[in-house]
Amino acid sequence: SAMQVTVALGERSYDIHIASGLLSRAGELTKPILKQPRVYIVTDENVAKIHLETLKAGLAKEGISAFVEVLPPGESTKCYANLESTIDALMAQGADRNDVVIALGGGVIGDLTGLVAGLLKRGMRFVQVPTTLLAQVDSSVGGKTAINSKMGKNLIGLFNQPEMVIADQDVLQTLPVRELRAGLAEVIKYGLIDDVEFFEFIEQNAEKLNAADPEILSEAVRVSCEAKARIVSEDETERGKRALLNLGHTFAHALERANGFGPALLHGEAVGTGMAMAFRYSQALGLCSGQEAVRAEKAIFALGLETDVRKLSGGPYEGDALLEHMMHDKKTEQGNLTLILAKGIGQSYIEKQVDADSLRAFLKIET
Ligand code: ADP
Ligand code: ZN
């Protein structure tokens, strides 16, 4: 069953196509936006091995040729050197403003390629073909592109919306299980933020989601993209409602920092634990019932994610270190820590007056 989500931002809008078998249809999907029958594909070695031929065949069906730039996998690919070499490689093959570049890969490839597209000859158009669940539900909406610098992650970038997103559900079948679960953390996040019905859908289908069942997964991707598109379009400047997307993320960033952003802890894994922490902290503050907090925690755990900080991989994590990281989070203004807390499942809100002493006590118990 094919589905489509329209993302409307400002005067521009684009579609996210969600279905199985879309790589084979990439030619017919992209043809309407091409000025010449050629595209530039940027991908990584892992994805190229498994999915590049299918995409190229789908393009070839419509007579579209492709120049391919393959990068190494991993977060360290998002660097200045690869920004330069990718732009140079594309230009050496004649890429200009009229051309379209296709990002085939996870968040790493999407972030770097979106930035390449924004900069090359002052901007060429790009199409996202996200191959991780995380990229399908997260990076496909919002238009954030970036590379990392030695000053920190995602500091060099720009907002750049794609022409279209092709979210083929078949590619998720080859995703390593840890990557699948990390993506599921961002999926359940949308239920926990403001959608009890979706939360219940996830609760009831946890097993199928964990087995990457294509029907259930595509429904989950559709609802997640719709939720993010709605929240982002209501708040393009990122001052208000968009902050809700950070549910679990301030805790998660502290865990990731404490771990040194190593491979032992994926972003989504940290978010899973971070959301459980947000609910437990909400309970500790008397905002949320114990029943609701436990239900949230169980649903996260059922997706194969760790909810206990003491059992989380990449640890041990230490309470005071986590607090220190949280106080230095970029969302912390003048020592005033803002956290997304919850009055229940689907009842998240922005708390701008978090008390550092109670948070310290909470983190001590957690660790
Ligand atoms: P994210 O989307 O989580 O930011 P990355 O771009 O770092 O992730 O991709 C995570 C890892 O999964 C990388 O090693 C990447 O090569 C690999 N990968 C991406 N998509 C697939 C896929 N569909 N099948 C198998 N491996 C994939
Ligand atoms: Zn996230």
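This one's a predicted model, so the numbers in the text were calculated from it and none came from an experiment.

Asks: Break down unusual backbone geometry for me, with residues and values.
Replies: For the bond from Gly315 to Pro316, the omega torsion is 0°, close enough to zero to count as cis. Within the fold, Pro316 resides in the loop between helix H12 (290-302) and helix H13 (319-327). A positive phi angle, near 55°, is found at Asn154, a position not held by glycine. Note on placement: Asn154 falls in strand S8 (residues 152-159). In this structure, Phe261 is a non-glycine residue whose phi angle is positive, near 55°. Note on Phe261: relative accessible area 41%, which makes it partly exposed.

Asks: How would you explain the coordination of the zinc ion (ligand 2) if you had to name every residue and give the values?
Replies: Bound to the zinc ion (ligand 2) are the protein donor atoms Glu186 (OE), His249 (NE2) and His267 (NE2), situated 2.0 to 2.2 Å from the metal. Mapping the donors of the zinc ion (ligand 2) onto the primary sequence yields the spacing E-x62-H-x17-H. Of the two residues, Glu186 is situated in helix H6 (residues 177-194) and His249 in helix H10 (residues 249-259); the sequence distance between them amounts to 63 residues. In this structure Glu186 comes out as buried when scored by relative accessible area, which is 0%.

Asks: Tell me about the pattern of salt bridges, and name the residues and values.
Replies: Taken as a whole, this structure holds 21 salt bridges when the rule is applied. Here Arg25 makes a salt bridge to Glu28, at a shortest N to O gap of 3.3 Å. Among the ionic pairs, Arg222 bridges to Glu226, the shortest N-O distance being 3.0 Å. Note that Arg222 and Glu226 are positioned in helix H9 (residues 214-234) at a spacing of four residues, about one turn of the helix. Of the residues examined, Glu226 reaches a relative accessible area of 36% and is grouped as partly exposed.

Asks: I'd like a description of the site of ligand 1, backed by residues and values.
Replies: Near ligand 1 you find 18 residues, and of these Asp44, Gly107, Thr131, Thr132 and Thr174 are the closest. Measuring from an oxygen atom of ligand 1, one finds a side-chain N or O atom of Asn46 at 2.9 Å. With respect to ligand 1, the backbone of Gly107 contributes an N or O atom lying 2.6 Å from an oxygen atom. Contact with the protein chains removes 86% of the 570 Å² of surface that ligand 1 exposes when unbound.

Asks: Report on the environment of Asp213, specifying residues and quantitative values.
Replies: Note on placement: Asp213 falls in the loop between helix H8 (206-210) and H9. Residues Asp213 and Gln136, 77 residues apart in the sequence, show an inter-C-alpha distance of 15 Å. A distance of 3.1 Å separates a polar side-chain atom of Asp213 from the backbone nitrogen of Glu215.

Rules behind the numbers
- Residues numbered from 1 in each chain as written.
- Chains lettered and ligands numbered in written order.
- Predicted model: local features only at pLDDT ≥ 70, side-chain atom pairs only at ≥ 80, totals over all residues.
- Heavy atoms only, no water.
- Helix = DSSP H or I, 4+ residues; strand = E, 2+ residues; numbered from the N terminus.
- Buried < 20%, exposed > 50% of the residue type's maximum accessible area, 1.4 Å probe, protein only.
- Donors = N, O, S within 2.8 Å, 3.2 Å for Na, K, Ca; no water.
- Salt bridge = Lys/Arg side-chain N within 4 Å of Asp/Glu carboxyl O.
- Near = heavy atom within 4 Å.
- Polar contact = N/O pair within 3.5 Å; in protein donor to acceptor, adjacent residues only side chain to side chain.
- Areas by Shrake-Rupley, 256 points an atom, 1.4 Å probe, with all protein chains shown as cover.

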